[in-house]
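Understanding the architecture of this molecule
For reference, the chains in residue letters:
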Amino acid sequence: MTLSVEFSAIGVGIVLLQAFWLMFPAYVTGSIAVLVGGGKPIDFGKKHRDGRRILGDGKTWAGLAGGTIAGIIVGSIQNIAALSINDKLVLSFGETWYFFVVVFCLSFGAMFGDLVKSFIKRRMNIKRGKKSPFLMDQLDFVVGAWFFLLLFATTWFFTNFTFWHILAVLILTPLLHRFTNVIGYKLGKKEVPW
Ligand code: CTP
Ligand code: MG
């Protein structure tokens, strides 16, 4: 992309759409975890040495598995679509089996980031479902997904995520998060609208 394209309205629109597309498997994980979560908590109800729960009842095996699998399925469908459209504006997760590594990092990484966030919240004595500072609830899964991508799909990450895509994700995600959580709250799936 040339500089002139990057700074045009169309260029900004393309970057926003591409950023959303690239992060979509990670976005799916959290929504599905809310829908299918419940049952046995990942920490099996155990407490940390500070006397508080390790992760809390908001992190369940069903949510982790359901979210990860949903992200992988959605990402695989996106990849089939991207490869068949075959337009350089429609980014793919990879042209060989390697796409699976990328999609796995986006999905499991997102869920992992969410777990780490809950661990940190409990250590900060923030109760399950209560708000946390520094956009932790909004960006946990972005940080998790990027962490896994940087480790296991470094080249793919930097080929597809330019500085502008990263900026777009950091701005777009808290807005989308707010929007979907209000919907989850209205559906009665979430106790609080965040
Ligand atoms: N969820 C789940 N398992 C996961 C992640 C999420 O079952 N691994 C479900 C839980 O029902 C959870 C809901 O999705 O309550 C929303 O997730 P999140 O907002 O991350 O959890 P909170 O309940 O807010 O808990 P925490 O304070 O630990 O973030
Ligand atoms: Mg929460």
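What you are looking at is a predicted structure, and each value in this text was computed from that prediction instead of being measured.

Reading the values: the criteria
Residues numbered from 1 in each chain as written. Chains lettered and ligands numbered in written order. Predicted model: local features only at pLDDT ≥ 70, side-chain atom pairs only at ≥ 80, totals over all residues. Heavy atoms only, no water. Salt bridge = Lys/Arg side-chain N within 4 Å of Asp/Glu carboxyl O. Buried < 20%, exposed > 50% of the residue type's maximum accessible area, 1.4 Å probe, protein only. Helix = DSSP H or I, 4+ residues; strand = E, 2+ residues; numbered from the N terminus. Near = heavy atom within 4 Å. Polar contact = N/O pair within 3.5 Å; in protein donor to acceptor, adjacent residues only side chain to side chain. Areas by Shrake-Rupley, 256 points an atom, 1.4 Å probe, with all protein chains shown as cover. Nonpolar A, V, L, I, M, F, W, Y, C, P; charged D, E, K, R; others polar. Patch = residues over 30% accessible without salt bridge, like charges linked within 9 Å, V, L, I, M, F, W, Y side chains within 5 Å. Expected span 1.5 Å × (residues − 1). Bend = angle between axes of the 7 residues up to and from the residue. Core = buried A, V, L, I, M, F, W, Y, C linked by side-chain atoms within 4.5 Å. Contact = heavy atoms within 4.5 Å.

1. Observations regarding the pattern of salt bridges
Applying the stated criterion to the full structure yields 9 salt bridges. The partner of Arg-53 in a salt bridge is Asp-57, with the nearest N and O atoms 2.9 Å apart. Accessibility expressed as a relative area gives 42% for Asp-57, which makes it partly exposed. With its nearest N and O atoms 3.2 Å apart, the salt bridge here joins Asp-114 to Lys-117. You can see Asp-114 and its partner Lys-117 sitting in helix 4 (residues 99-123), 3 residues apart, about one turn around the helix. Given a relative accessible area of 10%, Lys-117 falls into the buried group.

2. Looking at the site of ligand 1
Contacts to ligand 1 come from 18 residues, most closely from Lys-59, Thr-60, Ser-118, Arg-122 and Gly-129. In the model, an oxygen atom of ligand 1 is placed 2.6 Å from a nitrogen or oxygen of the Thr-60 side chain. Arg-122 has a polar side-chain atom sitting 2.7 Å from an oxygen atom of ligand 1. Out of a free accessible area of 570 Å², ligand 1 has 88% covered by protein chains. Elements with a minimum of two residues in the shell around ligand 1: helix 2 (9-36), helix 3 (61-85) and helix 4. Of the residues forming the shell around ligand 1, the biggest block, 5 residues, is contributed by helix 4. Residue composition of the shell around ligand 1, grouped by class: 3 nonpolar, 7 polar and 8 charged.

3. Some thoughts on a nonpolar patch on the surface
Taken together, the side chains of Phe-112, Val-116, Phe-119, Ile-120 and Met-124 present a nonpolar region at the surface, about 370 Å² in accessible area. Of note, Phe-112 is situated in helix 4.

4. Comments concerning helix 4
Along its 25 residues, helix 4 runs 36 Å from first to last C-alpha, staying within 8% of the 36 Å computed at 1.5 Å per residue. Backbone geometry just after helix 4 places Asn-125 at a positive phi near 60°.

5. Some details on helix 2
Its 28 residues place the ends of helix 2 39 Å apart at the C-alpha level, agreeing with the 40 Å of an ideal helix rising 1.5 Å per residue. The largest bend in helix 2 comes to about 55°, at Phe-24, with the proline Pro-25 one to four residues further on. Positive phi shows up at Gly-38, right after helix 2, with a value of about 135°.

6. Brief notes about the nonpolar core
Formed by 28 residues in total, the largest nonpolar core has its most connected members in Met-23, Phe-93, Trp-146, Leu-149, Trp-156, Phe-161 and Val-169. At the level of elements, helix 2, helix 4, helix 5 (136-152), helix 6 (154-160) and helix 7 (163-186) are the ones that each hand at least two residues to this core. Ignoring any residue separated from it by four or fewer positions in sequence, one finds Trp-156 in contact with Leu-22, Ser-92, Phe-93, Gly-94, Val-102, Leu-149 and Phe-161. Counting residues in hydrophobic clusters, the runner-up holds 6 residues, among them Ala-33, Leu-55, Leu-64 and Met-111.

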